[in-house]
Amino acid sequence: MLIAFVRTIILYILVVAALRLMGKRQIGQLQPSELVVAMMISELASIPMENVGTPLANGVIPILTLIIAEAAFSFFTLKSRKVRKIISGSPTVLIAKGKVLEKEMERLRFNIDDLMEELRTNGYSNLMDVEYAIIETNGMLSIIPKSNKRPLTPSDLSLSTEYEGLPFLLIADGVINQMAMESANLTQDWILEKLKAFEITDIKDVFIAYLDTAGNLFVQKKYKKPKKKNTK
């Protein structure tokens, strides 16, 4: 029992490390090669995990091999455009200047229903509102609307806007985010002084403290269950 537990932990750590090396992407955003590697790693890890009689090396060595291969391919795709095109493919235009490209749809085996579904998912129910639609290498559809259908921006109205920096999560569940505090050039004394306005004296009592781009501080106190009254 203990051996199975240890083997599972080792394989779990190895699989997590492998996926971390592949980058922070969602499953739907993986390149074809990355998706294949992720599926193979999960399959290889399950074999020695389910069967204690199978040597652990039978799962570890192939997983390490895949990690090294993926790292090597990632390096080559980073340095070479040709290799990147071979492994990851290239974006394909499905709609150009408002016209659906039938040949490209057939080549990708992408039907009209699929196209309309993707357009609706991106907030465009009317095909005539789309100027360009491009299938990216990760399978996601990028849409460029016609100029008269795009969302209105301040620049369209010739309005000037103030600079907005990054918002900062200063406290989460009673713990100060030191990295955020340093980035915002704030001190613990400053945050303690600000918390007094919310009738909070202990940082541990803060559920969330958030500083927005305008410098406004949002604070929410932790919920505490009311003490039960003694009925005796």
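The preceding data block contains the structure.
The model shown is predicted, which means the values in this text are computed figures rather than measured ones.

1. Thoughts on helix α1 (residues 2-21)
Its 20 residues give α1 an end-to-end C-alpha distance of 29 Å, which sits within 8% of 28 Å, the value for a rise of 1.5 Å per residue. All of the buried residues along α1 are Arg7, Leu11, Leu14, Val15 and Ala18. In a view along the axis of α1, the buried residues occupy a sector of 100°, so they form one face of it. Relative to its buried face, α1 has exposed residues pointing more than 90 degrees away, namely Leu2, Phe5, Tyr12, Ile13 and Arg20.

2. Overview of the packing of aromatic side chains
Under the definition given, this model contains 1 aromatic pair. Ring geometry for Phe75 against Phe76: centres 5.9 Å apart, planes inclined by 65°, an arrangement best described as edge-to-face. Accessibility expressed as a relative area gives 47% for Phe75, which makes it partly exposed. Looking at Phe76, the relative accessible area reads 45%, which means it is partly exposed.

3. What about the sheet that holds strand β8 (residues 217-221)?
The strand order across the open sheet built from 4 strands is β6-β5-β7-β8, with neighbouring strands paired in antiparallel fashion. Here the strands that pair on one side only, and so sit at the sheet edges, are β6 (175-176) and β8. In terms of strand pairing, strand β5 (residues 168-172) meets β6 through 2 bridges, oriented antiparallel. In the strand pairing of β6, Ile171 is matched with Ile176. With respect to the sheet, helix α8 (residues 188-195) is in contact with β5, β6, β7 (206-211) and β8, its orientation differing from that of β5 by roughly 75°.

Cut-offs used in this document
- Residues numbered from 1 in each chain as written.
- Predicted model: local features only at pLDDT ≥ 70, side-chain atom pairs only at ≥ 80, totals over all residues.
- Heavy atoms only, no water.
- Helix = DSSP H or I, 4+ residues; strand = E, 2+ residues; numbered from the N terminus.
- Expected span 1.5 Å × (residues − 1).
- Buried < 20%, exposed > 50% of the residue type's maximum accessible area, 1.4 Å probe, protein only.
- Arc of directions from axis to C-beta.
- Phe/Tyr/Trp six-rings, centres within 6.5 Å; stacked < 30°, edge-to-face > 60°.
- Pairing = 2+ DSSP bridges.
- Contact = heavy atoms within 4.5 Å.
- Axes fitted to C-alpha atoms, helices over the stretch in contact; angles between N-to-C directions.

Coordinates in, geometry out; function isn't part of it.
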